[in-house]
Each structure stands twice: as C-alpha cells, then as structure tokens.
Amino acid sequence: MRAVSCDGAQKSDSVTKTNSRPITLKELAAHLGLSQSTVSRIINGEAVAHRIAEETQQRVLHAAAIYGYTANAVARSLRQKRTYTIGVIVPEISEGYSTAVLSGIEDELLKDGFFYFVVSHRHRPDLLEGYPRMMVARAVEGIIAVDTPMEKDLSVPVVSVSGHKHRDGVINIELHHQQAATFALSHLKSLGHRKLAIIKGQAFSSDTKLRWQAIVEAAKALEMELDPDLIVQLSSLEPGPAPGKEVTQQLIERGNAFTAIFAFNDVTAIGAIQALREAGLRVPKDVSVMGFDDILAASTNNPPLTTIHQPLRSMGQAAATTLLSLIRDDLAKPHPAAITVFPRLVVRNSTGQAFGVAVRTGH
C-alpha cells in the first residue's frame, strides 16, 4: 500500500504519521521533496522574508496539517534565545474599543509567528504598576499598551496606542484629535445646532484631556459657544452604555436647553439615546446624538449612530508592526515619538436638523 502526498506525488508508507509518534521535520521535508530549512521557514512563519512561493507554502502547510506536524516552539526559542511573545495591556476586555485594537494587533503578530497574551488592569494602580514588570519577568520581547499610561522605564520596546505620554522608550500611535473635533462640531453646526451638550470621558482615560482640548479649540474656531452647564463627565468604571445613560439623565434633570449631544465614545452615545428615549425625547428629531470611535455596534444601533471613525483596527496593526520593527532593530533612528492616524466623519441617522430646542424641567 502507498500513501499519496498533497501534491499528488506518491511516497512510501514510511513518511506517514504513525500512532506511535508524530512525523519529524526531516520526514516531512523528504515527503515533500523540499529542504528541511524551507519547510522550517514556512512552518515558523518566515516564508515571506525568504521569498518562498505561495504554492510551496500551501503544500507545506497542507501536508503538515495532514500528518500532524507542529513546530517545537520551545526548542526554537532555546536555539534562537527568543520567546516570540508579546505582552498587551488594556484597561478592560469588552466589546468596542479594546477588541477592535486587539484585532489589528493579532492580524500582524500572527503573520510573524508571534504569540501574545493580554491582561486588563481595570485602572487599579497595583496592576498598572505590576503588570509591565510581570511581563518582562516572563520574557516578553515587547509590550503594547492600549489606553494605558506607561510610567516606568522597561528593558523591552514599548508601543502605546492612545497613550499620549511622550517619553523615551515609548512610541505612541495617536489619532489626530483636532481634526476629529473639527469634523464633529462642523457637522453639528451645519445642521443648525447651537445648544450643544458634551459628555467628556473619564479622568483616567488617556484620550480624555486631549480630546476635550481639541473640542474647545474647534468650538472657538467655529464660533460655537460651549455652555458649562451642558458639560458632564463620565466617572463610572462600569463598561457598556450605563454610564452614558446616567450622565445624560443628569443633563436632562438640570433643565437646560440643548439640541445635540456629542459623546466621548459610541458606547456612551448609545447610553445617551436610551436616556433620551426614556425621557420622551426622539433621536434625532428632538435631540441629535453623535458618538466617537465607530465601533461595530454604531452601525447596527437604532438609530444608526453618526460618529467619528477612529481607525482602531489600523491603530492596532500599526502598533504591532512598529513593535516588531523595534524588536528586529530595523526601525529608522531616531525613533519617532508618535505615529499619527486620521479620523473621518461617518454620518448616519442619529443626527438631524435642529428644528427646536429640547427643554426638560429639572427636579
């Protein structure tokens, strides 16, 4: 009896996987008629760097799957004195911002054969202090911090997504917040909105201060007055729309007139819409609502959310490729302090013409 290879060539039974042991690299290479180095490079995710043909890559991966061959990552790490591991720190793992950024990070790390693990600090000072040290102790080759301040010098490269703290040893991936604020306020002004409520982010968020400064500057340039009585700030650590709903209820209870809300992020905007509906106000006929980020739920919300698209997946990809370049030491020096990405306005159904002024009587 003879076995048939994935490319149609016949090979002897001696190269098929047996129940007693897995196939070796030498046997797999002989089975495919390729060198061990070629097979090893493909299995270890190094095919692109060595310009190995796509067809050859598919042959090797298919045969490896059939015969159950897996590279010994531990042995590879010991040989090369590498761990091929990245640490990722996020505030919390929940639907929206963090998951979109993580998706982009994963895209790039998988291409290079890197493993990564994620920790969430929930804004606890002990975890913010301890996690980076723990990761270094576990021999990560680099760290990506998402919306997380990095205060200490570390012995490995660090890339920060929305960190906004320019310090030696850290490269930041940042949104152009001034452009984002201008897009948002220009859109609302074009619809006739003059009584604008603003929901600021939590004080612990790296984006909050910079985004608020951008809003203030954009309002001044557009000659839009910001009423202090129409500005509220998120404080709750709770994920989801509940904090946005809570502060919108506070706005309504104050009894001040407003025709639009610009929320810190999409999840907050969704909570704001819930509060407005419970108060008997229609979106957007009575009050327009604008979000920020353009998470997946923004387009499926009722009504679909007008928002500022922040390229979160691309920011994750940029963070990963930048970190890998730092690890390989092939990023041009001096290293940039920041890499800027740009927003765009996405108009959906949660904003409309300002026909009147929504007034609610406070308690």
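The notes below deal with the structure included here.

Cut-off values and rules
- Residues numbered from 1 in each chain as written.
- Predicted model: local features only at pLDDT ≥ 70, side-chain atom pairs only at ≥ 80, totals over all residues.
- Heavy atoms only, no water.
- Helix = DSSP H or I, 4+ residues; strand = E, 2+ residues; numbered from the N terminus.
- Polar contact = N/O pair within 3.5 Å; in protein donor to acceptor, adjacent residues only side chain to side chain.
- Contact = heavy atoms within 4.5 Å.
- Buried < 20%, exposed > 50% of the residue type's maximum accessible area, 1.4 Å probe, protein only.
- Pairing = 2+ DSSP bridges.

Before going further, it helps to spend a moment on the side chain of Thr148. As for its position among the elements, Thr148 is in the loop between strand S5 (142–146) and strand S6 (158–161). Separated by 2.8 Å, the side chains of Thr148 and His121 make a polar contact. Engagement of the side chain of Thr148 in a polar contact is seen with the backbone oxygen of Val146, the distance being 2.7 Å. In this structure Thr148 touches Ile89, Val90, Pro91, His121, Leu128, Ser160 and Ser206, once residues within four positions along its chain are discounted.

A separate point is the environment of Ile171. Summarising the element assignment, Ile171 is placed in strand S7 (residues 170–175). The class for Ile171 is buried, based on a relative accessible area of 4%. Spatially, the C-alpha atom of Ile171 lies 9.7 Å from that of Ile144, the residues being 27 residues apart in sequence. Not counting residues within four places of it along the chain, the set of residues in contact with Ile171 comprises Val158, Val159, Ser160, Thr322, Leu326, Leu331, His335, Pro336, Ala337 and Ile339.

Of the pairings in the sheet, the one linking strand S11 (residues 288–293) to strand S12 (residues 306–309) comprises four bridges and is parallel in character. Across the sheet, residue Asp293 finds its bridge partner in S12, namely His309.

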